[in-house]
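# Summary of the model geometry
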Amino acid sequence: MQPRRDNPKPEPVWRSLEELYGDERLREVTEQEFPRFAELWPDGASRRQFLKVMGAGLAMMGLAACHPPREAEDIVPYVEMPENVVPGNPLHFASALRDRGFAMPIVAESHEGRPTKIEGNADHPLTRGGTTPQMQASILTLYDPDRSREVTHGGRLVNPLAFQSAMRQLGEASRKRGGRGLHILTEVVTSPTLARQIESFLSERPEAQWHVWEPRNRDNALRGAMQTFGRHLEPHYDISRARAVVCLDADLFGEGPAALRHVRDYALARREAFEKRDRPLPQVFAAEPTPTLTGAKAARRVAAGPREVERLAFALAGRLDLEVSAPREDLPRDQEALLRAASAALQAAGPQGLVVAGESQPPAIHALAHALNERLGAFGETVRFTEPIEAHPVDHGESLRVLAEALHAGEVDQLVILGANPVACGPADLELAAAIKKANVSIHHGLFLDETARLCDWHIPATHELEEWSDVRAADGTASIIQPLIAPLWGALSAHELLRWLSSPPLDQQATSALDLVRETWAEAAGEGDFRTFWRTSLHDGYIRGSEAPSIQPPRIDRRALRELAPPRPDAASLTLLFRPDPSLGDGRWANNAWLQELPKPFTKLTWGNAALISPHLALQMGIKDGDEILIRAGDGEITQPVFTLPGQAAHCVTLWTGHGRQAAGRVAEDIGWAVEPLRTAADWHALAGVTLRRTQKHIELATTQNHFLMEDRHLVRSVSAEHPSAHISHGVHGGNLLPKMLTDDPDSYQWAMTIDLEACVGCNACVVACQAENNIPTVGRREVLRGREMHWIRIDRYWKGDESNPKMYFQPVPCMHCEKAPCEIVCPVAATTHSYEGLNEMTYNRCVGTRYCSNNCPYKVRRFNFLDYTGGAAPSEQLQRNPSVTVRMRGVMEKCTYCVQRINRARNDAQMDGRRIRDGELKTACQASCPAEAITFGDLHTEGSAVRRQKESPRNYGILEHLNTQPRTTYLAVVDADEGGSKH
C-alpha cells in the first residue's frame, strides 16, 4: 500500500502500515465480523446457484442410498499382541533429523508403527527439547505422495536386480581407472559412518574428487577463520554467559545449526537475571539490513545495508582499541548511537561480551569479530573453538566451481550426487543444467525427482530420516544415532546402501545393511565395555554421551594482518539486492511442504509465495504499494517480483527470498512464488549491488495474514521496566467465577491454565506447526488464505512500535484463552462449546451446526470455521500422519485450541493407573513442548508450587482484554524493557 502521511494513528503499537496510517480498506474489513470477500463458495455463487447445487446434491444423495448391499469381507484381529504395542498408546523413539547436514535431535511419536509427531529431545545437551518449524513439518515430508518411488534410468523404471548389477559395474569400472573422471557431490556431511564410507570408497579411487555444496554455506566464515588463524576453526557461542552480544548481520536465533541453543540460553539468561536481580540483564545489539528474529529481541537495532554494517564493524573495532583503519566518513546518527551503546556494553562486559558476524558478511568482518572477541577476553568464556564438525570442510563455492569446470570440459566420466540439488539452487553463472548433461554417467540420489534428478541418467529415491539407519553430529559435535520408525514407504535406499553397491567389494566382505555399517562405526566407541549396553543406551538417549567435540586453544591473531584490513567506501545511492533463505522454505528443499507454505512468515505474515521486501522510504520514493509487480534488472539478467513494504528494512536494500518458483518440487509447490536464483552468481552470492527497479502495470494479490483476526486496537502487548516490573500492568474487573464454587475450590480437581512469556518468545513459529501436527489441522491453500480462512489454532501476532524506518518489534502468540466466563459459550444454540470441570473451553464437533455465533462473540478471534472440506483431498499416504487421538473434522464445524485435551486425558489415565496426581511438568501441550525459548508454561493451578502457578503470581502477569471480564485462563508475562519505562500497547 501507499503510506498516507497525512493521517498517522496516535497509538504507539501497530500491526501493519495500513493500521499505522488508517487505510480505509482495513477499516472496512475490521468493522465487519465476516468480511464481504469471505463468500461460502470459492468463486462467489449467487443464491440461485446455491439452491441449484444443493438440489442436485440432495438428488444424488437419494441415488447413492440405492446401491446394492456390499459383499461381506473378513478381517483378522491380533491373535497375539505384538510386543510393546498397546493400541491407542503411542510409543516414543529418540532419533535425529538433518538440517544443513547437522543433527537436530528429536523424539518421534509412533502409533502402531506410524510416526505421527516430532518432539525435541529434552535430554540432548545442545537443543534441550526445542524444535524449529521445519523439524515439526518433516513428518509431513515423510508421507509426501510426491516423493520419488522407484529407481529410474533414462526416465524408465528399473528392477532392483538390474539396478544392483549396473551399480556394481559402474563401481568396478571406476576402481579399475583409479577414480579418474569420478566426481562425488554431496551436501554437508557430518555422519561418521557416511564419511567413513566415502573415504574408504575414495581410497581405492585416489584420482576421484569429493565436492560439497550447501546453498546456505559458511564460506565467508571459513575464509575469515583462515585469514585470522591460518586454519579452519569452528566457533561455538555460549549465549548463557554473555552480558552483551553484538550481531553484525548475524541471526543467532533464526539461522544456523545451533540456533535452538542460542534461543534457549538467551531466554534463560534474561529470565534468571530479571528474577534474581544479581546481575544486569543481558542485551543484544544488532545491525542488519532486514529484520531478523535476533534483531527483534535486540535492545538496540539499526537498519543498515551490507556496506554500512562493514563500516560499523570497523568503527566498533576502533572504539575497542584494535589497530585497524577507521571509516573516513561520519556514521549516520542512528548508527552512531548504536555504536556508543554497543561499545560501552562490551567494555563493561569484558570476557562476557561477544561479537558475531553473519554468514553473508565478508571474510574481513569475520576476522574482525574474532579479533574483537580476543580483545575482550571472550575466548574460553563466551566463545570456544573446535576442529571442524564437517567431515569434509571445504569452500563450497570453490568446490562447486571446480566441478562445473570439469563438467563443461568433458572431464567427468561418472558423477554421483548425494542429496544436493545444485541446478535449482546453485549459482546461475555456472550453468550447471547444461554441464550435468556432459557427464558420461550421472547418478542422483534424493527424496524427490527434482531439477537436478531430471537431468541425470540414474535417479535413486532416498529414504527419509525416519526410514533409515544412520548417524549424524550436532553443531557441537555430539553424535546421534538415526534409527528408523517405519520401513521405507516406497522403493527408497539410504546413501549408505547406494555407496555399498557402488563400492563393489566381494560379497563375503560386504556389510549386509546400513545398520551393520553404523554399528561397525561405533564398535570402537564402546571401548572395553559392553557394546550392547552402549548401543541400547545411545538409542534410548538419542545421542552418544561424551561425543562432543573437544575445545582447542586458538593461535594468537596476527595484528599485522588486521592492520591491512580497510573499511569499504560508502556506496552511492544505488540499490543493493540481498539474497536470503526463506524463513519457512529455506533454500527450497521444503517447497512441497504445505504446512510450511501456509505458515505466515514472522515479519511479513506472507504465505504461499514470496515478494521483494522494500523499505517504506523506497516505496514512497517509487510510488508503489504492496502487490505491485516490479522488474529487477542486474547486468544481463532480470526477474519480476511483487513488492512488500517491510518496516525496519534498510532504505536502499531490496531483499529477495530464495527457494521459490521451483520447477520440479511437487504438486504443492507448483506455480507458487517467483524464482530469484537466475540473478545469483558465485561472485555475488549474498548481495548484488547496482541493480535497477522498474514498476510494471501488473498487480498481484499477496496472501498475507497480517490484518486477519484483528482485536480492535486494544492494549494487547505490554512491557515493564526492569526496575519497576509491576508498573502499568493493570487487570480487568473480576466478577464471580462461572463455575460452581464447589468445583473450582475442590483441591482434588485439576484446573488447567497457561502463561506465555512475551519476553522469551522470539516468534519462530515452531508452536504453530507443532499444534498443526498434533491436532490434525488442515491447510486451506492460497485462495482461502486470501479470504481470511486459514485454520491455525494458534497465531503469532507481530507488532511494531515507533518509526516505521526502524521500529521496535514484539511477538504475541494467541491461542484460545479458555475464558472462565467465555462469551462463546452463552451464544451457542446447541451447546457445542461448553465449559469443563477442569476449566477448559471445550468443542463438541458432532453438535456444531455452523452458526458461527461463537466466533462472532469471541473478542480474541481464535475460533476457526472450516468453510470447505479441507481434509477430503488428502492422499492415502498423508492420512497416515494424522493423530488418531484427535478427530479429523469435516466441513461445517468450528475448531479451536483445546489445550491438547487428548494429552491431558492420556496423562490422567497414566496417573490414575499409578494411583497419583499428574505431576507438575509431566504434561506438556504441543506448543509448549516445541518452544525453544520455554516461553509457554502449562499446568494445574491446584498443584502447590506448580510452574504455571508461580508465573501467575509474577508482577509481569496480565491477561489481554481483561476489562471484558472474560477471565482468561491463558495469560501473558510482559516484555522487560531495560531502557524505558513500562507501557501498555
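Residues numbered from 1 in each chain as written. Predicted model: local features only at pLDDT ≥ 70, side-chain atom pairs only at ≥ 80, totals over all residues. Heavy atoms only, no water.

## Considerations on the sheet that holds strand 2 (residues 91–99)
Strand order across the open sheet formed by 3 strands is 2-3-4, with antiparallel pairing between neighbours. The sheet is open, and its two edges are formed by strand 2 and strand 4 (114–120), each paired on a single side. On average, adjacent strands in this sheet sit at an angle of 40 degrees to one another, irrespective of strand direction. Contacting strand 2, strand 3 (102–111) and strand 4, helix 4 (residues 133–142) runs over the sheet at an angle of about 165 degrees to strand 4. (Pairing = 2+ DSSP bridges. Helix = DSSP H or I, 4+ residues; strand = E, 2+ residues; numbered from the N terminus. Axes fitted to C-alpha atoms, helices over the stretch in contact; angles between N-to-C directions. Contact = heavy atoms within 4.5 Å.)

## Some points on the packing of helix 6 (residues 192–203) against helix 16 (residues 495–503)
Helix 16 packs onto helix 6 with a crossing angle of 15 degrees between their chain directions and a minimal axis gap of 10 Å. Judged on the interaxial angle alone, helix 16 and helix 6 are roughly parallel. Where helix 6 crosses over helix 16, the handedness of that crossing is left-handed. Where helix 6 approaches helix 16, its residues T193, L194, Q197, I198 and F201 are matched on the opposing element by A495, H496, L499, R500, L502 and S503. The residue makeup of the contact of helix 6 with helix 16, split by class, is 6 nonpolar, 4 polar and 1 charged. (Parallel < 35°, antiparallel > 145°, perpendicular 65-115°, else oblique. Left-handed = near helix turned anticlockwise from the far one by under 90°. Nonpolar A, V, L, I, M, F, W, Y, C, P; charged D, E, K, R; others polar.)

## Structural notes on the nonpolar core
In this structure, W752 and Y860 are the most contacted members of the largest nonpolar core, which totals 173 residues. Residues in contact with Y860, not counting those within four places in the same chain, are M711, R795, V814, M817, C819, I960, L961, T966 and P968. In this structure, V158, I184, L493 and L499 belong to the second largest nonpolar core, which totals 33 residues. (Core = buried A, V, L, I, M, F, W, Y, C linked by side-chain atoms within 4.5 Å. Buried < 20%, exposed > 50% of the residue type's maximum accessible area, 1.4 Å probe, protein only.)

## Side note on the confidence of the model for the protein
In this model, the protein carries an average pLDDT of 87, and 88% of its residues clear a pLDDT of 70 or more. Long-range and interchain partners of residues 1–10, a stretch whose pLDDT sits below 50, account for 31 contacts in this model, where long-range means more than four residues apart. In this model residues 35–43 is a low-confidence stretch, pLDDT under 50, and it forms 24 contacts with partners more than four residues away in sequence or in other chains. (pLDDT = per-residue confidence, 0-100.)

## Here we look at the pairing of strand 36 (residues 970–973)
Neither face of strand 36 is open: one carries T970 and Y972, the other T971 and L973, and all of them are buried. Judged from the 2 bridges that link them, strand 35 (residues 957–958) and strand 36 form a sheet pairing that is antiparallel. Of the residues in strand 36, the one forming a bridge with N957 is L973.

## Notes on the sheet that holds strand 27 (residues 752–757)
One open sheet holds the 4 strands; their spatial order is 34-27-36-35, and the pairing between them is mixed. In this open sheet, the two edge strands, each paired with only one partner strand, are strand 34 (936–940) and strand 35. Of the pairings in the sheet, the one linking strand 27 to strand 34 comprises 5 bridges and is antiparallel in character. Its bridge partner lying in strand 34, T755 is registered against T937.

## Focus: the packing of aromatic side chains
In this description, a pair of aromatic rings is defined by centroid distance and the angle of the planes. Counted according to the given criterion, the structure contains 16 aromatic pairs. Between F531 and F534, the aromatic rings sit 6.0 Å apart at their centres with planes inclined by 35 degrees, giving tilted as the arrangement. In this pair, F531 and F534 both sit in helix 18 (residues 531–541), 3 residues apart, roughly one turn of the helix. Exposure remark for F534: the relative accessible area of 17% places this residue in the buried category. Note that R205 overlies the ring of F201, its terminal NZ or CZ placed 3.9 Å from the centroid. Between the NZ or CZ atom of R956 and the centre of the ring of F274, over which it lies, the distance is 5.1 Å. (Phe/Tyr/Trp six-rings, centres within 6.5 Å; stacked < 30°, edge-to-face > 60°. Lys NZ or Arg CZ within 6 Å of the ring centre and 35° of its normal.)

## Considerations on unusual backbone geometry
If a residue is not glycine, its phi is most likely negative; likewise, a peptide bond is most likely trans. Not every positive phi belongs to a glycine, and K605 is a case in point at roughly 60 degrees. Looking at the element boundaries, K605 is found in the loop between helix 20 (594–597) and strand 21 (612–614). Among the residues examined, K605 registers a relative accessible area of 6% and is labelled buried. Unusually for a residue other than glycine, K861 sits at a positive phi of about 55 degrees. Checked against the element boundaries, K861 lands in the loop between helix 25 (853–857) and strand 32 (864–865). For K861, a relative accessible area of 16% gives the class buried.

## Some details on the pairing of strand 10 (residues 244–248)
With 5 of 5 residues buried, strand 10 lies mostly within the body of the structure. Here strand 10 shows a buried face lined by A244, V246 and L248 and a second buried face lined by V245 and C247. In this sheet, strand 13 (residues 353–357) lies alongside strand 10 in parallel orientation, the contact comprising 5 bridges. Bridging from a neighbouring strand, L248 pairs with A357 of strand 13.

## Overview of the side chain of H496
You can see H496 is positioned in helix 16. Residue classification places H496 among the buried positions, given a relative accessible area of 3%. Residues contacting H496, with those up to four places away along its chain left out, are S191, T193, L194, Q197, W469, S470, A514 and L517.

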